[in-house]
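# Commentary on secondary and tertiary structure
Below are the chains, spelled out letter by letter.
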Amino acid sequence: MIKLLVYVAIVLLIITIAQLVRVFELAAELKGSKNNEVTYKDHRNQGRMMFGFLFLFMAFCLWQCVKYKDSILPESASVHGVDLDWLMWFNMSFIGIVFVILNILLFYFTYKYYSRPDQQATYYPHNNKLELIWTIVPAAALAVIIILGIKMWNTITEPAANDAIIIELYAKQFDWSARYAGKDNQLGHSSYKNIGGANALGMDTLDAKGMDDIIVRNELHIPLGKQVEFKINSRDVIHSAFMPHFRIQMNAVPGMVTSMHMTPSITTEEMRKRPEVIDQMKRINNLRAKNGLDPYEFNYILLCNKICGASHYNMQMNVVVDTPDQYEIWLAKQKPFLAKN
Ligand SMILES: [Cu+2]
């Protein structure tokens, strides 16, 4: 209630100030004063300030690029990610150049043509040639960006190789489970109708294909150099499986299975030894130490990239890229879900 009264008081104060200003303006007009007239000097100052803003704004953009350049993701850890990074930098350079040129022109012309008493603006309502240029050039540029993007998207979502490892990523508020297809490389049937007790993924216990399926939580292992196909599913709301280091992301939609695939190209151990990753971890751990938190070791991660509810931040799972031998050893230790239950 007090909060509401404070808001009402603030609104009333703003209205009072606005009315007072209006009263002063009217009084000045009645007295014949020209206080409120916009003079040549005002125009000139505005023009110069616009030009000054251009330099400040460009300096601010440049400062941000320099300040945050070490915070970007390390080198891509998947095969297709190298091409995706190229595409991102291509788009960023392209957009960056247009951004700089446009802003320079925008603020320079505002400065150049500020109102002067001896200057008259030209009435120039229409020019077909100009309209054609500024329609066709951006459309062609956008078409290039979109076509390259669709090509990239297809490499992640087209049907995976026959021998790809199949893993289901199952999202629910607020965690991830991963189900490996097991020796037959086929996921058993599952349905929300079967969810209950220990069967959190709703597996059909009578389906032979699911007998060897392995369910893991907290940590997902995948082997280096082998294609992995993720089948993504959600129990409740729309989540999104995001693995930034592998440059893949896909929505997890209740009632339908979405999929994407990738081939890991750098093991977790190798990535931890990269100089840029060591530097990044050092900075993160300095910050953590200041806040009394334990040091953090680099890990690939699977995140939920949709704000899916109050504990959305919990939706995280470590992803470990092993060498093929290490992966086989790890896999041999895992027990099929139905054998455990
Ligand atoms: Cu989520």
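Basis of the calculations
- Residues numbered from 1 in each chain as written.
- Predicted model: local features only at pLDDT ≥ 70, side-chain atom pairs only at ≥ 80, totals over all residues.
- Heavy atoms only, no water.
- Salt bridge = Lys/Arg side-chain N within 4 Å of Asp/Glu carboxyl O.
- Helix = DSSP H or I, 4+ residues; strand = E, 2+ residues; numbered from the N terminus.
- Buried < 20%, exposed > 50% of the residue type's maximum accessible area, 1.4 Å probe, protein only.
- Donors = N, O, S within 2.8 Å, 3.2 Å for Na, K, Ca; no water.
- Tetrahedral: all angles 85-135°; square planar, octahedral: opposite > 155°, others 65-115°.

### Focus: the pattern of salt bridges
Applying the stated criterion across every chain yields a total of twelve salt bridges. With its nearest N and O atoms 2.5 Å apart, the salt bridge here joins Glu75 to Arg274. Here Glu75 is found in the loop between helix H2 (40–67) and helix H3 (79–112), whereas its partner Arg274 is found in the loop between helix H5 (268–272) and helix H6 (275–290), with 199 residues between them in sequence. Glu75 gets classed as partly exposed once you look at its relative accessible area, which sits at 43%. The class for Arg274 is partly exposed, based on a relative accessible area of 24%. With its nearest N and O atoms 3.7 Å apart, the salt bridge here joins Arg272 to Glu297. On the criterion of sequence distance, the pair formed by Arg272 in helix H5 and Glu297 in the loop between H6 and strand E9 (300–304) is long-range, its members being 25 residues apart. What you see here is one network of salt bridges that share partners, running through Glu168, Arg179 and Asp213.

### Some points on the coordination of the copper ion
The coordination sphere of the copper ion, as far as protein atoms go, consists of His239 (ND1), Cys304 (SG), Cys308 (SG) and Met315 (SD), spread over 2.0 to 2.6 Å. Angles of 87 to 125° at the metal separate the four donor atoms of the copper ion, which places the site in the tetrahedral class. Between the donor residues of the copper ion, the gaps in sequence give the motif H-x64-C-x3-C-x6-M. Here His239, found in strand E6 (residues 239–243), pairs with Cys304, found in strand E9; they are 65 residues apart in sequence, far enough to count as distant. Here His239 falls in the buried class, since its relative accessible area comes to 0%. By relative accessible area, Cys304 is classed as buried at 7%.

The quantities given are spatial measurements derived from coordinates; they are silent on function.
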